[in-house]
Amino acid sequence: MLQFLNISHLSSSALSRNFFCFRSVLGRHSFFKSRYIHSHITYATDNEVVVDSFDRLLLHCSGTQHCKQIHTHILITGLYRSAFLAARLLSVYSRFGLVMDAQKVFDIYPLEGIGNLLLWNAIVRANVSHGFYKEALELYDKMRKLGVWADGFTFPLIVRACALLGDLNLCKIVHCHVLRMGFQNHLHVVNELLGMYGKLGQMKVACKLFDRMAVRSYVSWNTMVSAYAFNYDCEGARKIFQRMGLERFEPNSVTWTSLLSSHARCGKHEEVMEFFGMMRSRGVGTTAEALAVVLSVCGYLVAPNKGKMIHGYVMKGGFEAYLFAKNALICMYGKCREVEDAHKLFLEMETKNLVGWNALISSYAESGQCDEAFELFTQLEKSDGYPVMTPNVISWSAVIGGFASNGGEEESLKLFRRMQLTGVMANSVTISSVLSVCAELAALNLGREIHGHVLRAMMDGNILVGNGLINMYTKCGSFKEGHLVFEAIDGKDLISWNSMITGYGMHGHVLSACSHAGLITEGRNLFDKMNRDYGIEPQMEHYACMVDLLGRAGLLQEASNIVKNMPMKPNACIWSALLNSCRMHKNTSIAEETAAQISHLNSEMTGSYMLLSNIYAASGRWEESARVRISAKTKGLKKIPGQSWIEVKKKVYMFSSGSPVQAGLELVYRILQELALQMESEDYIPDGDSSLEQNVNDGEMSMLVEAQ
DNA sequence: ATAGGGTTAG
């Protein structure tokens, strides 16, 4: 079998000595020495020792260049015919992310050896581990057509590819193959099936399979715990966790990690911290993944001290090299309002991935430092490192959302337009941010345009988007469209009801002229229904809406009763709503009653003081009116100017009492002036709510806070 | 040669 042309003069014992040296040199990973030796053994064919040597070389190869050099040598020697070497080469390329090179190794492999499963499994694994699930399944199909039967290594990979594709039909077909090929009791295959049904949200099927298993491993148990976590079922996770202990499988660090993750995903943050404490006190070794979960919880709880402690654990555990652990730290510092620390960590990282960038961008955006967030975003856009990184939907949404909620409405919309041009698809989070901007700017037409986009992208089933639409429509003055969206939502949540009730409150006075009675009834019904039928306890804002709704309709006694009987202490919004209604209906008695109750409140109630003062003034009680104003002044309460927006040709213009006329709005002001004159000429005496003249001339009148 | 855990946008 040995055909070393240029060393054929050596005796067989000399040869084996030579190989022994060869192996030991390779064992010390000295590539250059090995190349020297290699020059003496060209044209070797299949030989166990040489193959083994190349195999060691590949196992320890330090980078892609190194790997390619070895590949060349394998080609020269003709050893590429060894399925074993080809499979190793393939997996090394895959490890370095060079799937195309791995594929090439597979493609040039001689046809006569194509039945070798080692090779098939290696190429399928390369594809699955890099997200090429379709390609993996195509390979599987090819195998079957060639009559190569999948084994206990192939099936787990194929099952995983189906699960990650999320195609229920494909999953069922592959499950059938598993059964037909007799792998229904194969531990690895069944473990993978458990994970597959978990990912499909079919926990009942997963449980059934799990219960029928004759032999289970840690992986079986842990897969079940993580499947419950994946499906946001911390109860289920806890149950199987407990059962595990009873069946002589002491939960290990991976089990604990999944348990922590299941509770974090359910928003049970305190429990996560408790479980983490238990995990440590029981002497279970921590994992980088568990620390990442705990760090995310520290962020949610805004617990920088705990976060710093976990930072210590990350260092102690030697997890600094783990990108995701560093990213979790950045995120934690960001959420704890210590963006500087987050940035410092980010700069210290020698390799960064997109998650890290996004974590820092959102840290800045969330703390209101939108310009810094945008600056980073621009850096990311320009970055030309390897691997290539471009902003994804999360990066875009982070800056768009940051501007949206920090007074940068214009920038937010501009970025959204640019994002669409870039070809990054907006998702529900992006859309909800942009809708909130439309609501803020009262940009109804733009809002409708987004609604169109939502329908085309079939995102109208998303609760986040639906709620955003309701909010946008009602705030833009189109109660009707808002109501339509509300009715169409399946599984309305707290926010849906909130937005709709707010909508009723905001539009009550508009609709009162035509359908007063019907509207009140509907508002009351909604309010009752949310608690009775949906089990949602009314919060402060719901009470504020009801008080506003009833008050505007003149049902002041009923509104006042709600305030008296509500289970929590009324806030400024509630008092303002009640007082404003009293003013509208010129009801001094309830106003006084209300005033008595709020006189001792020292909160930011400027609006309420002004309302009260105006109520007194309207009924000619000037002394009381003045007294209230003076008391407000001595308390140092500042007035917030009233503001309003209109949208003209897709541009939004802002009015603010006392501010100069904005460019482009001269015509609008002229028309308003004319209208005011016309009103006067027709003997209409404007009140504080509707007269521009008075709003502009008397800043105090614009303090009539519209309870919203 | 196979398996289980994680971080970022509202």
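Conventions we followed
Residues numbered from 1 in each chain as written. Chains lettered and ligands numbered in written order. Predicted model: local features only at pLDDT ≥ 70, side-chain atom pairs only at ≥ 80, totals over all residues. Helix = DSSP H or I, 4+ residues; strand = E, 2+ residues; numbered from the N terminus. Buried ≥ 20, exposed ≤ 12 C-beta atoms within 10 Å, placed from the backbone. Contact = placed C-beta atoms within 7 Å. Axes fitted to C-alpha atoms, helices over the stretch in contact; angles between N-to-C directions. Parallel < 35°, antiparallel > 145°, perpendicular 65-115°, else oblique. Left-handed = near helix turned anticlockwise from the far one by under 90°. Nonpolar A, V, L, I, M, F, W, Y, C, P; charged D, E, K, R; others polar. Expected span 1.5 Å × (residues − 1). Near = placed C-beta within 6 Å.

An unreviewed UniProt entry annotates chain A as Pentatricopeptide repeat-containing protein At1g17630 isoform X1 of Ziziphus jujuba.

Attention now moves to the overall build of chain A. Assigned secondary structure in chain A consists of 37 helices and two strands. A buried classification covers 41% of the 708 residues belonging to chain A. Sequence-distant contacts, at least 24 apart, represent 62% of the contacts inside chain A between residues at least 6 apart.

Moving on to the packing of helix α32 (residues 572-584) against helix α33 (residues 588-598). Closest axis-to-axis distance for the α32/α33 pair is 9 Å, and the angle between their directions is 155°. Judged by the inter-axis angle, α32 sits roughly antiparallel to α33. In the packing of α32 onto α33, the handedness of the crossing is left-handed. Here Trp-575, Leu-578, Leu-579 and Cys-582 of α32 come into contact with α33, specifically with Ile-590, Ala-591, Thr-594 and Ile-598. Broken down by class, the residue content of the contact of α32 with α33 amounts to seven nonpolar, one polar and no charged.

Attention now moves to helix α5 (residues 83-95). Between its first and last C-alpha, α5 extends 18 Å over 13 residues, near the 18 Å set by a 1.5 Å rise per residue. Looking only at α5, the buried set comprises Ala-83, Leu-85, Ala-86, Ala-87, Arg-88, Leu-89, Leu-90, Ser-91, Val-92, Tyr-93 and Ser-94. Turning to α5, the residues buried within the fold contact α3 (48-59), α4 (64-77), α6 (99-107) and α7 (117-129). Residue Gly-97 follows α5 closely and has a positive phi angle near 80°.

This part is about the protein's contact with DNA strand B. In the vicinity of DNA strand B lie 52 residues, with Thr-287, Phe-324, Asn-327, Asn-358 and Ser-362 positioned nearest. Among the elements that line the surface near DNA strand B, the one with the most residues is helix α21 (residues 354-366), at seven residues. By residue class, the composition of the surface near DNA strand B is 26 nonpolar, 24 polar and two charged.

End to end, α7 covers 18 Å across 13 residues, agreeing with the expected 18 Å (1.5 Å per residue, within 8%). Burial of α7 is extensive: 10 of the 13 residues sit out of reach of the surface. For α7, the set of buried residues is Leu-119, Trp-120, Asn-121, Ala-122, Ile-123, Val-124, Arg-125, Ala-126, Asn-127 and Val-128. Buried residues belonging to α7 abut α5, α6, α8 (133-145) and α9 (154-165). Two residues or fewer after α7 comes Gly-131, characterised by a positive phi angle close to 80°.

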